[in-house]
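Here are the chains, one letter per residue:
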Amino acid sequence: MTTIKLWKFFAREDLYECYQCARCTGSCPAMEVAPAFGPRETILKCLNVGHEKVVQDERIWLCCTCNVCEDRCPQKIPISDLLVALRNSAARRGNIPGRLVMAIELLAKTGRSMIVHQLDEMRAHHGLAPLPPAPVEEIRAILEKTGLREVVEF
Amino acid sequence: MKYALFLGCAIPIKYPGFEAATRLVCQRLGIELVDLPFSCCPPPTSMKLVHYDSWLALAARNLCLAEEAGLDVMTLCSGCVNTLKEANRTLKQSESKKRRVNKILEEHNHRFKGTIDVTHILDVLYQDTIVERLIKETVRDLPMRIGCHYGCHYFRPPGIMYPGELSDAESYVPVQMDHLLSIIGMEPMEYSRKFLCCGSPLGANADQDAGYAITQTKLQYMRDRDIEALSVICPSCFEQFDMGQIVLGRKTKEKYKIPTFFLTQLLGLAMGLSAKEVGVDVHRIKARKLLDGIGIG
Ligand code: SF4
Ligand code: SF4
């Protein structure tokens, strides 16, 4: 299993810039509806228990990626970079929701994020020409090279 | 005015009506659209979270196609614009990332150079020359209390999406859609937590019920202001509100439904196109009564 260098995505020192003021968390939609960590606690956990523990927790996937936290942070901490990095790291350790695995497989196999079903008729209903096929071979080749297989088989 | 049209996945496959409306409206406004063999953007809510390098390389390939055609990219989706704008900026700024990506793309005869810009159709429409043209092309007003939902990724994080507009003291919130809709006689309404997420990524990735709980919150704030219809600029947000009201309705039995439109559908209606031409006939939450009420069949 390969791991990623988390602190190349997000400067570790930035964790210490956090006031723990929770201005971010006050606007976090995921926390309102689900047992998400929210941004403040994510940062605190990275400091207290270490990111190695954080990326093992499936609750990190509850974040909507709405980026409101980064917008609100008075310290201008690039929180979205941290949240991306943590989940990249989690995915490499097998902590990744099944739905997301399916979505990525579909993308890698078809070059698109949607299942194509009876598309020509539907497009014709709206007066549109058929959708040209995606350049699947080229996309697969690129994704082989970037190492997507480290995370998802396709 | 000419752009490479980046359709993304959801629009041409799930909501071709938005594509039809967009093509018709752009034609009337003198915006020429060129189709290129793009792939998925890929989304900031899936591929980027799972494998950043794959996300960057696929985005770079899409950017290369537009560079090769010598055109700026116009997207129709908050997610696509977020991915392509950020990737474009990252690759323009980081020599090492650009080198890494180009090593892979060169095998397929692409090379990222950093010669184009990425924009969303809302910003294209908001240009002075287009607004003037829109005023001329508008043949009927759509008097409705309309709520705008921009989609988080269209404008956040502002440092990436709208770096020029941002001062240190304030964050950026968009106004373009509200302004455009007032031109076609709509009444854009303020409502609580207007910039709250629609809930879609949470639903898609982890917990559908939790995702819809956010949607429900947002819809309630709109109902509190007697909003009659909702305008969006992202197919994922659209689905969250359109399909979401069906799913939520099974539980809540809520009678007050809010028909949702893609921005260019509303502009098309104002230009005299029919409901079928702009594709509103296939929406789950039907707009018929609302449109009948203002004399549009
Ligand atoms: S990006 Fe995630 S953590 Fe930040 S406010 Fe949105 S849901 Fe919460
Ligand atoms: S808003 Fe910024 S400083 Fe305050 S708790 Fe959140 S991350 Fe820390």
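Worth saying up front: this structure is predicted, and the values here are computed from it rather than measured. (Residues numbered from 1 in each chain as written. Chains lettered and ligands numbered in written order. Predicted model: local features only at pLDDT ≥ 70, side-chain atom pairs only at ≥ 80, totals over all residues. Heavy atoms only, no water.)

Asker: It is not clear to me how the site of ligand 1 should be interpreted in this structure. Could you clarify?
Answerer: Residue and element names in this part refer to chain A. As a structural note, the neighbourhood of ligand 1 is formed by Cys 28, Pro 29, Ala 30, Pro 39, Cys 63, Cys 64, Thr 65, Cys 66, Asn 67, Val 68, Cys 69 and Leu 83. Among the cavities detected, the one that contains ligand 1 is the largest cavity. Those elements that place two or more of their residues in the shell around ligand 1 are α2 (29-33) and α5 (68-72). (Near = heavy atom within 4 Å. 1 Å grid on protein atoms, 1.4 Å probe; cavity = no way out; pocket = protein on both sides within 12 Å on 5 of 7 lines; lining within 4 Å. Sits in = over half its atoms within 2 Å of the grid points. Helix = DSSP H or I, 4+ residues; strand = E, 2+ residues; numbered from the N terminus.)

Asker: I keep staring at helix α11 (residues 176-183) of chain B and nothing clicks. Help me out?
Answerer: Think of an α-helix as turning once every 3.6 residues; residues three or four places apart then point the same way. Looking only at α11 of chain B, the buried set comprises Gln 176, Met 177, Asp 178, Leu 180 and Leu 181 of chain B. Remark: Gly 185 of chain B follows α11 of chain B within two positions and exhibits a positive phi of approximately 80 degrees. (Buried < 20%, exposed > 50% of the residue type's maximum accessible area, 1.4 Å probe, protein only.)

Asker: What should I look at first to understand the sheet that holds strand β4 (residues 118-120) of chain B in this one?
Answerer: Either a parallel or an antiparallel arrangement is found when strands of a sheet pair, and the pairing is made through backbone hydrogen bonds. Residue and element names in this part refer to chain B. In space, the 4 strands of this open sheet follow the order β2-β1-β3-β4, with parallel pairing throughout. The open sheet is flanked by β2 (32-34) and β4, the only strands paired with a single partner. When strand polarity is set aside, the average angle formed by the axes of neighbouring strands in this sheet is 40 degrees. Bridge count between strand β1 (residues 2-6) and β2: 3 bridges; the pairing is parallel. When the sheet's bridge partners are listed, Tyr 3 is paired in β2 with Leu 33. (Pairing = 2+ DSSP bridges. Axes fitted to C-alpha atoms, helices over the stretch in contact; angles between N-to-C directions.)

Asker: Sorry if this is basic, but what is going on with the packing of helix α4 (residues 52-69) of chain B against helix α6 (residues 95-105) of chain B here?
Answerer: In a packed pair of helices, the relevant descriptors are the angle between the two axes and the axis-to-axis distance. All names here are of chain B. One can describe the packing of α4 onto α6 by two numbers: an axis separation of 10 Å at closest approach and a directional angle of 70 degrees. Compared by their axis directions, α4 and α6 come out roughly perpendicular. For the pair formed by α4 and α6, the contact residues are Tyr 52, Asp 53, Leu 56, Ala 57, Ala 60, Arg 61 and Cys 64 on the first element and Lys 97, Arg 100, Val 101 and Leu 105 on the second. When the residues that make up the contact of α4 with α6 are grouped by side-chain class, the tally is 7 nonpolar, no polar and 4 charged. (Parallel < 35°, antiparallel > 145°, perpendicular 65-115°, else oblique. Contact = heavy atoms within 4.5 Å. Nonpolar A, V, L, I, M, F, W, Y, C, P; charged D, E, K, R; others polar.)

Asker: I tried to follow empty space enclosed by the protein on my own but got confused; where do I start?
Answerer: One water molecule sets the probe size; rolling that probe over the atoms shows where empty space is left. Under the criterion given, the structure shown has 4 cavities of 30 Å³ or more. If you add up the space inside the largest cavity, you get close to 320 Å³. Lining the largest cavity are 32 residues, and of these Cys 63, Thr 65, Asn 67, Leu 83 and Arg 87 of chain A sit closest to its centre. Looking at the lining of the largest cavity, the elements that each hand over two or more residues are α2, α3 (38-48), α5 and α6 (79-92) of chain A together with α3 (47-50) and α5 (78-93) of chain B. Considering every element that reaches the lining of the largest cavity, the biggest residue donor is α6 of chain A, with 5 residues. Tallied by class, the residues present in the lining of the largest cavity amount to 20 nonpolar, 7 polar and 5 charged. Its volume calculated, the second largest cavity comes out at about 90 Å³. Contributing to the lining of the second largest cavity are 14 residues, with Cys 18, Cys 21, Cys 24, Cys 73 and Ile 77 of chain A lying nearest its centre. It is α3 of chain A that contributes the most residues to the lining of the second largest cavity, 3 residues altogether. (Points joined across faces, edges and corners; volume = space filled by probe spheres on them.)

Asker: Help me out: how do you make sense of the interface of chain B and chain A in this one?
Answerer: Accessible area lost during the coming together of the parts is what is often quoted as the interface size. Counting residues at the interface gives 62 residues for chain B, matched by 54 residues for chain A. Surface buried jointly by chain B and chain A totals about 4900 Å² across both partners, of which 66% is contributed by carbon and sulfur atoms. Counting the surface chain B buries against chain A, the share from its top three residues, Ile 13, Leu 49 and Val 50 of chain B, is 15%. Run the count over chain B and chain A and you get 4 salt bridges. The closest approach of N and O atoms between Arg 123 of chain A and Glu 19 of chain B, which form a salt bridge, is 2.7 Å. When residues of the side of chain B that touches chain A are assigned to their parent elements, the largest contribution, 6 residues, is made by α4 of chain B. The residue inventory of the side of chain B that touches chain A, partitioned by class, reads 35 nonpolar, 14 polar and 13 charged. (Buried area = accessible area lost by both parts, 1.4 Å probe. Salt bridge = Lys/Arg side-chain N within 4 Å of Asp/Glu carboxyl O.)

Asker: How do you make sense of a positive patch on the surface when you look at a structure like this?
Answerer: On the surface, Arg 250, Arg 284, Lys 286 and Arg 288 of chain B cluster together to form a positively charged patch. Exposure remark for Lys 286 of chain B: the relative accessible area of 51% places this residue in the exposed category. (Patch = residues over 30% accessible without salt bridge, like charges linked within 9 Å, V, L, I, M, F, W, Y side chains within 5 Å. Areas by Shrake-Rupley, 256 points an atom, 1.4 Å probe, with all protein chains shown as cover. Lys, Arg positive; Asp, Glu negative; His and termini not counted. Charge placed at Lys NZ, Arg CZ, Asp CG, Glu CD.)

Asker: For this particular structure, what's the right way to read the domain arrangement of chain A?
Answerer: For chain A, the assigned domains are domain 1 (10-92) and domain 2 (98-150). Computed over C-alpha atoms, the centres of domain 1 of chain A and domain 2 of chain A are 31 Å apart. (Domains from an automatic or database assignment.)

Asker: Teacher, can you tell me more about the pairing of strand β5 (residues 145-149) of chain B here?
Answerer: Looking along a regular strand, one sees the side chains alternate between the two faces of the sheet. Residue and element names in this part refer to chain B. In terms of residue burial, β5 counts as a mostly covered element, since 4 of its 5 residues are buried. Note: β5 against strand β6 (residues 187-188), 2 bridges, orientation parallel. The residue bridging Ile 146 from the neighbouring strand is Pro 188, located in β6. Relative to strand β7 (residues 229-232), β5 is paired through 4 bridges, and the arrangement is parallel. Paired with Gly 147 across the bridge in β7 is Leu 230.

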